[in-house]
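One-letter residues, chain by chain:
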Amino acid sequence: MIVLGIESSCDETAAALVQDGRIILSSVIASQVDVHCLYGGVVPEIASRMHIESLVPVVDEAIKKAGVCLSDIGGVAATQGPGLIGALLVGFSFAKAFAFARHLPFAGINHLEAHIYSLFLMDDPPEFPFIALVVSGGHTNIYHVTSPNHFELMGRTRDDAAGEAFDKVAKMLGLGYPGGPVIEKLSLIQNPDILFPRTLLEKDSFDFSFSGLKSAVARYIHDHDVSSDHEKARVAASFQNAVIDVLSQKLIHAALFKKCSRIGISGGVSANRTFVGILSKKAASHRIRTFTPPLELCGDNAAMVAARGYTLIQQGNLTSLEDDVYSRPKIN
Ligand code: KG4
Ligand code: ZN
């Protein structure tokens, strides 16, 4: 069955056609980042308006690229939440109207579950059970995933998400938005030799806290001259190293705690190949294998939405066309 997936929870308008929840026929992403970076972060009202402008052309392009007809589409899935309400409404309402007009089954998708499903679009996806980290601009959640529908939330951030910390530190260093890619690039040219704090919280907690690290970086920038590219790169590398250290330690701890030999990471921050490299190496020493989707599936995309939608539609787990979007996670 071919499922049309739609994603509009933040600043990417995306549509994809995925066959049987596994084969990506097309995946089109229109990023608004060039506009939001002028304001130093996502402006919700601008995001909604840009989704309205981009959605129909993006869906048209996805259908064209996949080389399918409208009648080949067997189901529709769209991100229902969590995310920016105005932004979500654009994609969700479009998808409901599409499903209604074509008499197709419809599934509203949890954005975090969709990120976990991006792992199933890999050539060699993880088998159950596995530990999943969804790490993005809005979330840093660790799950124990035991079946296609069971995502036990083991830990989450108590303040900033890891991606948010990347964005804020980049802003402090005058590096623009989004922060992750530029911090990762700068980190490649300097040693992480400033010791920033690693907040691990209580002994058996899988929660995160990045606000102390963020404040430590702010204090460092206030107390030292970090105007040169060299110093900026040193701070960036040391900050990134602290985040990677905490994420890796918690993930390996979670895997050992659940006696799991697989860890999957997804979400925007999993695009950070330095993180992937360090985590894989550390995990391998515990005989734990790590899984990361290809770069184009790490950030927000609609293929992961269609993949999650396929499972729900197959199970008859449909969403009423009278349902609405939600900004905060329902159960996760
Ligand atoms: O999943 P995503 O595209 O959108 C949300 O659902 O939030 O994640 C965006 C976040 C941003 O905070 C961005 O700075 C971060 O992912 N990010 C990265 C990298 N690429 C994107 N963080 C660290 N390293 C990267 N290479
Ligand atoms: Zn996301």
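Above this text sits the structure in question.
Counting of residues starts from 1 at the beginning of each chain's written sequence and follows it residue by residue. The naming scheme follows written order: chains are lettered A onward, ligands numbered 1 onward. Per-residue local features of the predicted model are confined to residues with pLDDT of at least 70, and side-chain atom pairs are confined, for both listing and counting, to 80 or more; whole-chain, interface and lining totals are unaffected and use all residues. Side-chain descriptors were evaluated using all non-hydrogen atoms of the structure, hydrogens and water having been removed beforehand.

A. Structural detail: helix H3 (residues 85–102). Strands are runs of DSSP state E lasting at least two residues, helices are runs of H or I lasting at least four, and both sets are numbered from the N terminus onward. To estimate the expected span of a helix, count its residues, drop one, and scale the result by 1.5 Å. In this model, H3 (18 residues) spans 25 Å end to end at C-alpha, consistent with the 26 Å of a helix rising 1.5 Å per residue. Those residues of H3 that sit buried are Ala 87, Leu 88, Val 90, Gly 91, Phe 92, Ala 95, Lys 96, Phe 98 and Ala 99. Between two residues, a contact is recorded if the distance between any of their heavy atoms is within 4.5 Å. Against the buried residues of H3 lie strand S1 (2–7), helix H2 (44–66), strand S4 (73–81) and strand S5 (106–110). Two residues or fewer after H3 comes His 103, characterised by a positive phi angle close to 55 degrees. Burial status follows relative accessibility: with a 1.4 Å probe on protein chains alone, a residue under 20% of its type maximum counts as buried, one over 50% as exposed, and anything between as partly exposed.

B. Quick peek at the nonpolar core. The set of buried Ala, Val, Leu, Ile, Met, Phe, Trp, Tyr and Cys residues whose side-chain atoms join them within 4.5 Å is what this entry labels a nonpolar core. Residues Phe 196 and Phe 239 are the most contacted members of the largest nonpolar core, which totals 46 residues. The greatest single-element share of this core, amounting to 13 residues, is contributed by helix H8 (residues 229–257). Not counting residues up to four positions away in its chain, the partners in contact with Phe 239 are Ala 165, Phe 166, Val 169, Ile 183, Phe 196, Leu 213 and Val 217. One finds Ala 77, Leu 119, Ala 306 and Tyr 310 within the second-largest nonpolar core, a separate group that totals 32 residues.

C. Region of the structure containing the coordination of the zinc ion (ligand 2). Here the term donor refers to an N, O or S atom within 2.8 Å of the metal (or 3.2 Å for Na, K and Ca), and because water is left out of the atoms, sites may appear incomplete. Around the zinc ion (ligand 2), the protein supplies His 111 (NE2), His 115 (NE2) and Asp 300 (OD) as donor atoms, at distances of 2.1 Å. In this scheme the shape depends on donor count and angles: four donors with every angle between 85 and 135 degrees give tetrahedral, four or six donors with opposite pairs above 155 degrees and others between 65 and 115 give square planar or octahedral in turn, and any other case is irregular. What the 4 donor atoms of the zinc ion (ligand 2) show is an angle range of 92 to 150 degrees at the metal, which sorts the shape as irregular. Counting along the primary sequence, the residues that act as donors to the zinc ion (ligand 2) give the motif H-x3-H-x184-D. Highlighted residues: His 111 in helix H4 (residues 111–117) and Asp 300 in the loop between helix H10 (295–298) and helix H11 (303–314), separated in sequence by 189 residues. Taken individually, His 111 and Asp 300 each receive the classification buried, so the pair is uniform in this respect.

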